[in-house]
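Structure at a glance
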Amino acid sequence: MRPEVVAVLLEYEVARSIADCLAADWFHSGYGDLVRLALTCRGFYNPAMDSLWYSIDALTPLLHCFSSPVRAIMAEGEFAWRLSRTPCTSDWDRFLSYAARVRELHLNYENPNQAGEAAYDVIALHRPVSASPLFPNLHTISWNSANDIIDPYISLFISASLQDLSMAVNSNISATNLFDTLQFNAPRLRHLDIDTDNFDASRETYDALKDAMYSWPAIETFRINGRAIMLEAKEILHLSRLSSLTTVTIPLNVTSGFDTSMLKTNDLFFPSLRVLDLVIGKELDDIFLAQTVIHRITSFTVREIILDLPLVPSEPVVRNLFSNVAKHLQLEKIQVVPSSSHRKAIEENFLEVLLSCSTLDPLLDIPTIREVDIQYLPFDLYSEDIEKIANAWPHLQELQLGIHCICPDFTPCLPFTSLTAFKVCPDLTRVGLTFDKHLPDESAVWESVGLKVQVVDIGRTYVDDSMPWPLAEYMVDLFPNIIMCYGRVDLDGVDSEYRERTLKRLWADIEIVRNSRAGDATRERPA
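Residues numbered from 1 in each chain as written. Predicted model: local features only at pLDDT ≥ 70, side-chain atom pairs only at ≥ 80, totals over all residues. Heavy atoms only, no water.

1. Things to note about the confidence of the model for the protein chain
On average, residues of the protein chain carry a pLDDT of 83, and 85% of them reach 70 or more. Low confidence marks residues 521–527, where pLDDT is under 50. Its contacts with residues over four positions away, or in another chain, come to nine contacts. (pLDDT = per-residue confidence, 0-100. Contact = heavy atoms within 4.5 Å.)

2. Concerning the nonpolar core
Within soluble globular proteins, side chains that are nonpolar generally end up buried alongside one another. Core analysis: the largest hydrophobic core is formed by 155 residues, its most contacted members being L165, F222 and F422. Residue contacts for F422: discarding those within four places in its chain leaves I386, A390, L396, L399, L428, V431, L433 and L451. (Core = buried A, V, L, I, M, F, W, Y, C linked by side-chain atoms within 4.5 Å. Buried < 20%, exposed > 50% of the residue type's maximum accessible area, 1.4 Å probe, protein only.)

3. Digging into the environment of N108
Structurally, N108 is set in the loop between β4 (104–107) and α8 (117–126). Expressed as a C-alpha distance, the spacing of N108 and S142, which sit 34 residues apart in the sequence, is 8.6 Å. (Helix = DSSP H or I, 4+ residues; strand = E, 2+ residues; numbered from the N terminus.)

4. Some points on the pairing of strand β8 (residues 221–225)
Among the five residues in β8, four count as buried, and that is most of the element. Here β8 pairs with strand β9 (residues 247–252) via two bridges, running parallel. What sits directly across from T221, in β9, is T247. Crossover connection from β8 via helix α11 (residues 233–240) to parallel β9: handedness right-handed. (Pairing = 2+ DSSP bridges. Right-handed = clockwise from strand over helix to strand, strands pointing away.)

5. Focus: the packing of aromatic side chains
Counted by the stated rule, this structure contains five aromatic pairs. Taken together, a centroid distance of 5.7 Å and an interplanar angle of 75 degrees make the contact between W143 and F157 edge-to-face. Residue W143 is found in strand β5 (residues 140–143), and its partner F157 is found in the loop between β5 and β6 (164–168); the two are separated by 14 residues along the sequence. Both residues of the pair, W143 and F157, belong to the buried class. Look at F416 and F435: their rings are 4.7 Å apart centre to centre, the planes differ by 20 degrees, and that puts the pair in the stacked class. One end of the pair, F416, is in the loop between β16 (398–401) and β17 (430–432); the other, F435, is in the loop between β17 and β18 (455–457), and 19 residues separate them in sequence. This pair shows no difference in class: F416 is buried, exactly as F435 is. Aromatic ring contacts, followed pair by pair, group F135, W143 and F157 into a single cluster. (Phe/Tyr/Trp six-rings, centres within 6.5 Å; stacked < 30°, edge-to-face > 60°.)

Listed below in structure tokens is the structure:
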């Protein structure tokens, strides 16, 4: 190989690109190729090792940097990596040399290959002064679920380089500790996503969060999910003045001593906001507070709103909320997500909170709508409603209405033939609706209209043994590009195994019909 070619290959950026390509193919070849590349020559060593250690999903690989003995112990059916002796200086030097290469840490506690509490204790108690912070170049941290083990050790992972943090906290102690640490040690934080559903916030936790908020001038995503923490008016006003903020979750609760007058007399600027998530409190007054927040927003940049409702909403309440949204925001996406604790209450009061299509009328005045996700509120829809929706939202890409709601005493009236109305929505790729259990008669005309729909969720639509094959033909006729069709399994009064079997058969028949229409004669419908 010519010297000039070798020189180019040994440039760090070029060598790193090669290493990243090998890392992207880890599923097929593992990380062995990266290790072999690192051992090729000194020029490839650092790029290959940086790529190899860029992202880890457990501390276990780093524990192997400690000299033996390091052993895995199974206690009470649980696996956890633990250290059988205190690491020495050379152990720490090796550990820290690799930890400095880590940029992303994703811990999954459903994975048994995680470090145990004893290992965290050793690291926390015996790390040298040079190991503060433990990961000096870490910019992304995520924990997929709240875990008591990690709570006391959160501060080990926070450094000045941190930009993205996503995790759940279990208690006031861990939440207060987290916010205090972030305030003083993470000035470059840009994305914060914290789940606080598992505890009730104390005054100390409130104060720690509020103090920390003012230390992140470049924050882009601020999401505190759950109702444990409620922001006050002055904190909302502060967030609205951050020019970098593009995504925000605002918890609202009038009963927490919220100063509504401050919001009523001050505009909320949000100059760069794209996604607005309102976590609404448990009282009806909190709905009115949400309407005030929407009304005071002066920005024209908001394109998505998420409404997290805690109560069982009536049609007038939902319609008024939608009216306020339609008057003040030019949206492309709207999502309504009742809290998990209230989804059961909605199902128990299904017939009382059943919504008509007129509830959506205010939103139909927003022609820019592209995605509608209202899966957990029940809707009673008819063919003319689907036609009205399709005509109002010609740019629609995804539509999901009421597919998670279940009630044995309610029979949907929406026929499958109503789907033809979506021929005026050429960009539609996903549909989620619950249909009448009766198929259209054979005289019904089902012609392909070239829709791009790929995913169809039939919600709680009842499907019996006689339906899968003819329904599959209807689906493929209308949606030639379909790649998935499914529905809810847990229907009252229907055996879940039977329901699951018929839905699987429906999808299998769709694949057969689709392949046969494409000229694949190698597959036939099973008997």
